[in-house]
Amino acid sequence: MTAAVQRQVAGLFVAEDQGAHALRGVPAPVGLYRIVRASSGRRASARAPTRLVGRAAELDLLGRRWERARKGEGQLALVVGEPGIGKSRLIKEFRTRLRETPHTFVEWSSSQLLQNTPLHPLAEWGRQRFGGAETPADQRLTDLESTLGLIGLHPAEYAPLIAPLFDVSLPEGRMAKLAPEELRRRQLAALVAWVQAGARSQAIALAFEDLHWADPTTLDLMGALAERGAQVPLFIIATARPESARPGACARTTA
């Protein structure tokens, strides 16, 4: 695709710059990009956000829920609204208000293009967090294991379960040899344990965008986090469209 098209779909695809190419019938070389894969990111905007107006009550409510979460009473807020009403803008403003508070802010985003791919929001986040294909494989694995160790999880136990989700390569002898159903069950348990351990280390605000495009496995994970995160400093904020919001995946607390 051309640079002009790439700007229009920025955030929706991971693309590689292929440089300028001479095209038949075009007088000057044209910059081209190669699509690598769909991304769970959101389309970028070139405009600076305007001042948020008329959302003071919602922001205050999120702030109160955050304070409760920080004290160890995990919270979940489901922000439901039509496309374009400002759900993402609300979360962005809420994040700005957390700047002076020690916390970890995590963003997962579902993609309409990947809604049949298990755990795609988390997988995309993990690939970005632990480096892409340009990062040496051993460095990515070391980074993952260091992260697990810092929050008190044993790398030898958890890395074989989590690494495949993030496309982090493991030596042949360390790969988990389990039946697919059992492997997925243990992976979900490992992910829940990871978020819980991270929240105990430092309060986490987890923003989950576009819940209506989440795959069933991700919804299972969200349900487990909402339930198991009730006793740790974890605040989950999920956005969804009204016709496709699935409260069953977020059954604990909604706002």
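In what follows, the structure referred to is the one given above.
Enquirer: An account of the overall build of the chain is requested, with residue identities and associated values reported.
Expert: Of the regular secondary structure elements, the chain holds 8 helices and 6 strands. Along the chain, from the amino end to the carboxyl end, the secondary structure elements read α-β-β-α-β-α-β-α-α-α-α-β-α-β. Counting every position in the chain, which comprises 255 residues, the buried fraction comes to 42%. Counting only carbon and sulfur atoms, one obtains 52% of the accessible surface of the chain, whose full area is about 13900 Å².

Enquirer: Outline helix α2 (residues 56–70), listing residues and values.
Expert: In this model, α2 (15 residues) spans 21 Å end to end at C-alpha, consistent with the 21 Å of a helix rising 1.5 Å per residue. Within α2, burial applies to L59, L62, R65, W66 and A69. End-on view of α2: buried residues confined to an arc of 125°, all on one side of the axis. Away from its buried face, by an angle of more than 90 degrees, α2 presents the exposed residues A57 and R64. Where α2 terminates, the next one or two residues include G72, which has phi positive at roughly 100°.

Enquirer: Help me get a handle on the nonpolar core, residues and values and all.
Expert: Counting residues in hydrophobic clusters, the biggest one holds 45 residues, and the most contacted among them are W108, I162, W194, L211 and L221. Elements with a contribution of two residues or more to this core: β3 (75–80), β4 (104–109), α5 (137–150), α6 (155–162), α7 (180–201), β5 (204–209), α8 (216–228) and β6 (234–240). Here this core takes 9 residues from α7, the largest share from any one element. With sequence-adjacent residues up to four places away left out, W108 is seen in contact with P121, L122, W125, L206, A207, F208, E209, L221, M222 and L225. I91, A203, A207 and F235 belong to the second largest nonpolar core, which has 16 residues in total.

What counts and how
- Every chain is numbered independently, its residues counted from 1 as its sequence is written.
- Reporting in this predicted model follows two pLDDT cut-offs: at least 70 for local features of residues, and 80 or more for side-chain atom pairs to be given and counted; totals over whole chains, interfaces and linings ignore these cut-offs and use all residues.
- Heavy atoms from the whole structure form the basis of all side-chain values; hydrogens and water molecules are not counted.
- In this text, helices come from DSSP runs of H or I with a minimum length of four residues, and strands from runs of E with a minimum of two, each type numbered from the N-terminal end.
- Classification of residues uses two cut-offs on accessible area relative to the type maximum, computed with a 1.4 Å probe and protein chains only: under 20% is buried, over 50% is exposed, and between them is partly exposed.
- Exposure was quantified through the Shrake-Rupley algorithm and a 1.4 Å probe, taking into account, for residues, occlusion by the shown protein chains and nothing else.
- A helix is expected to span 1.5 Å for every residue after the first.
- The arc under discussion is defined with respect to the helix axis, by the directions toward the C-beta atoms.
- To qualify as a nonpolar core, a set must consist of buried Ala, Val, Leu, Ile, Met, Phe, Trp, Tyr and Cys residues joined through side-chain atoms within 4.5 Å.
- The contact criterion used is simple: two residues touch if any of their non-hydrogen atoms lie within 4.5 Å.

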